[in-house]
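For reference, the chains in residue letters:
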Amino acid sequence: MKRYGLREDQWERIKHLLPGKEGDPGTEAKDNRLFVEAVLYRYRTGIPWRDLPERFGDFRVIHTRHTRWSQKGVWKQVFDVLAEDADNEYAAIDATIVRAHQRACWCQKKTPSDTCETQAIGRSKGGLSTKIHATCDALGNPTGFHLTPGQAHDLQGADVLLNNIHEIGALLADQAYDAAEPVLDRLFEADCLAVIPPKSNRTEQRKYDEDM
């Protein structure tokens, strides 16, 4: 198998989810697999689209097709299907900040524009940024993503991503998620073990599994 390519079993799991297959309206796509491998190659290597190897075809066509699939929700559908096969022995949740280019948003400091709000761009201490909230299963595979403006608290992502908390045995998180009792209450009600270090300013310190 070529590096960055899909194994046969991986391709079998997703090929029926992609547009352009036999029986779909319109022209039948003959290069869905090559196209998916081109997208994987680009994101795994971190190169610009124009630097894709020639074997994948015209980078402009690949970029346009990738954008269309994104807008139609194709990638989201593939992700959701793959995420259903999660190892729910335990899960982990965290968030990270991504800096936005200075031209990504033209809003004023005190009056964010509609563009900023729809693109989840806000102003944190580091400037324009977006916060990516994510969960993963016990194998480290991603199971959910949520975007908020950079200044948002980590708990805003937890409110969205923990909808299926009843399906996992334990949740691993850092002290930021100990800041609100509702999160801990939800874990308790779902019989999900909270592996979250307590904040130092807690009046009553909680015990947690430090070895997990």
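Residues numbered from 1 in each chain as written. Predicted model: local features only at pLDDT ≥ 70, side-chain atom pairs only at ≥ 80, totals over all residues. Heavy atoms only, no water.

Re the side chain of T148
Note that T148 resides in strand β4 (residues 142–149). With relative accessibility at 4%, the residue T148 sits in the buried group. (Helix = DSSP H or I, 4+ residues; strand = E, 2+ residues; numbered from the N terminus. Buried < 20%, exposed > 50% of the residue type's maximum accessible area, 1.4 Å probe, protein only.)

Quick word on helix α6 (residues 154–161)
Among all positions in α6, only D154, L155, G157, A158 and L161 are buried. Down the axis, α6 shows its buried residues gathered within 155° of arc, on one side only. Taken together, the buried residues of α6 touch β1 (91–99), β3 (127–136), β4 and α7 (181–189). (Arc of directions from axis to C-beta. Contact = heavy atoms within 4.5 Å.)

A closer look at the pairing of β4
Looking along a regular strand, one sees the side chains alternate between the two faces of the sheet. Both β3 and β4 contribute to a ladder of seven bridges, which runs antiparallel. The partner of I132 across the bridge, within β4, is L147. As consecutive antiparallel partners, β3 and β4 are separated by five residues, and within that stretch G140 has a phi angle of approximately 85°, a positive value. (Pairing = 2+ DSSP bridges.)

Here we look at unusual backbone geometry
At D191, a residue that is not glycine, the phi angle is positive and equals roughly 55°. Topologically, D191 is positioned in the loop between α7 and β6 (193–195). Assessed through its relative accessible area of 70%, D191 is described here as exposed.

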